[in-house]
Amino acid sequence: MHTAVLVSGGLDSAVLLAEEAATGEVQPIYISAGLAWEPAERAMVDRLLASAPFRSRLPPLVSLAVDMRDVYAASHWAIEGRPPGYHTPDEDVYLPGRNVILLGKAAVYCAASHLNRIVLGTLGHNPFPDATAEFRTAMADALSLGLAHTLHIEAPYANASKAEIVRRAAALGVPYDLTLSCMSPLSGAPGGDAPPQHCGTCSKCRERHDAFVQAGITDPTSYADPRYVQA
């Protein structure tokens, strides 16, 4: 079964892409929504896919867009680029309908391209309502019906921790330094020489650093502000 892998440039989707590519034919898809960190994220995706574990093994990246700036307020932290701080609980970092939007757009593309399976890197600790098995089943049923095209939506890491993903990345040779888990990255504009740099002060950076600590692997990430990771 041909598979579409939703990639974001983060560790989770990078490892997912590597594992799926090792077992079958995959199509990487990046979907932008008009969020502040996406230029850096997209730049990192390009660097990742050009690296040794992926180069020449995958078809070209498909880039899709669903502009959410007409739904989220102009003052929303994801639009303004003011992400929740380092110690913010995961429950407070919620983008309403994010997986609804991503899966809906990806499903229409998959129907047109004769792909029947979509996978995304949802992790076990994800607390959001659009990250449950029930949601994925209902979404797959509705999209299959509405598109007259059978679709399966899966989250292979739904019972995994981010620390486990860090360990899998090491085993697969996925380059940590070509992944981005940050909501306020520095630099990284497309075409630039320097890769995006993690801010070190947002909750995504905390999640990333904690995962390396829990995995027992030294965190190689360059943080612009290392005050928390060195504490």
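What you see is a predicted model, and the numbers here were worked out from it, not measured in a lab. (Residues numbered from 1 in each chain as written. Predicted model: local features only at pLDDT ≥ 70, side-chain atom pairs only at ≥ 80, totals over all residues. Heavy atoms only, no water.)

Moving on to the overall build of the protein chain. From N to C terminus, the protein chain includes 7 helices and 5 strands. In summary, the protein chain has a C-alpha radius of gyration of 17 Å against a globular reference of 17 Å for 231 residues, a match within 12%. Overall, the protein chain is about 55 × 40 × 35 Å in size when its C-alpha atoms are taken along their principal axes. If you take every contact in the protein chain between residues at least 6 apart in sequence, the share linking residues at least 24 apart comes to 71%. Counting only carbon and sulfur atoms, one obtains 54% of the accessible surface of the protein chain, whose full area is about 10500 Å². With 17 positive and 24 negative side-chain charges, the protein chain shows a spacing of 4 Å between the two charge centroids. (Helix = DSSP H or I, 4+ residues; strand = E, 2+ residues; numbered from the N terminus. Rg over C-alpha atoms; globule rule 2.2 N^0.38 Å. Contact = heavy atoms within 4.5 Å. Areas by Shrake-Rupley, 256 points an atom, 1.4 Å probe, with all protein chains shown as cover. Lys, Arg positive; Asp, Glu negative; His and termini not counted. Charge placed at Lys NZ, Arg CZ, Asp CG, Glu CD.)

As a further point, take unusual backbone geometry. One non-glycine residue with positive phi stands out, namely His114, at about 65°. Counting through the fold element by element, His114 comes out in the loop between helix H4 (98–113) and strand S4 (117–119). Since its relative accessible area comes to 62%, His114 is described here as exposed. One non-glycine residue, Ala148, lies in the positive phi region at around 50°. Relative to the helices and strands, Ala148 is located in the loop between helix H5 (133–147) and strand S5 (152–154). What makes Ala148 exposed here is its relative accessible area of 72%. (Buried < 20%, exposed > 50% of the residue type's maximum accessible area, 1.4 Å probe, protein only.)

This part is about the sheet that holds strand S1 (residues 3–6). An order of S3-S2-S1-S4-S5 is seen for the 5 strands of this open sheet, with the pairing classed as parallel. The sheet is open, and its two borders are formed by strand S3 (62–65) and S5, each paired with just one other strand. The mean inter-strand angle of the sheet, taken between neighbouring strand axes irrespective of direction, is 25°. (Pairing = 2+ DSSP bridges. Axes fitted to C-alpha atoms, helices over the stretch in contact; angles between N-to-C directions.)

Time to look at the pattern of salt bridges. Per the stated rule, a full pass over the model turns up 11 salt bridges. Between Glu19 and Arg168 there is a salt bridge, and its shortest N-O distance comes to 3.1 Å. Taken as a pair, Glu19 in helix H1 (residues 11–21) and Arg168 in helix H6 (residues 162–172) lie far apart in primary sequence, 149 residues in all. When its relative accessible area of 27% is taken as the criterion, Arg168 is described as partly exposed. Here Asp90 ties to Arg206 by a salt bridge, and the two come within 3.4 Å at their closest N and O atoms. With Asp90 in the loop between helix H3 (77–80) and H4 and Arg206 in helix H7 (residues 203–215), this pair connects stretches of sequence that are 116 residues apart. For Asp90, a relative accessible area of 21% corresponds to the partly exposed category. Through salt bridges with shared partners, one network takes in Glu19, Glu164 and Arg168. (Salt bridge = Lys/Arg side-chain N within 4 Å of Asp/Glu carboxyl O.)

Looking at where Arg208 falls in the secondary structure, it is placed in helix H7. On the accessibility criterion, Arg208 (1% relative accessible area) is buried. Sequence spacing of Arg208 and Gly10 is 198 residues, and the spatial spacing of their C-alpha atoms is 9.4 Å.

Let's shift gears to the nonpolar core. When a protein is soluble and globular, its nonpolar side chains tend to lie buried together. Core analysis: the largest hydrophobic core is formed by 73 residues, its most contacted members being Leu6, Leu17, Ile31, Phe54, Leu103, Ile118 and Ile153. Dropping the residues within four chain positions of it, Leu103 is found in contact with Leu6, Ile118, Leu120, Phe135, Met139, Leu143 and Ile153. (Core = buried A, V, L, I, M, F, W, Y, C linked by side-chain atoms within 4.5 Å.)

Under the counting rule described, the total for this entry stands at 4 aromatic pairs. With centroids separated by 4.5 Å and ring planes inclined at 20°, the aromatic side chains of Tyr86 and Tyr228 adopt a geometry described as stacked. On the criterion of sequence distance, the pair formed by Tyr86 in the loop between H3 and H4 and Tyr228 in the segment after H7 is long-range, its members being 142 residues apart. When its relative accessible area of 6% is taken as the criterion, Tyr86 is described as buried. Note on Tyr228: relative accessible area 28%, which makes it partly exposed. (Phe/Tyr/Trp six-rings, centres within 6.5 Å; stacked < 30°, edge-to-face > 60°.)

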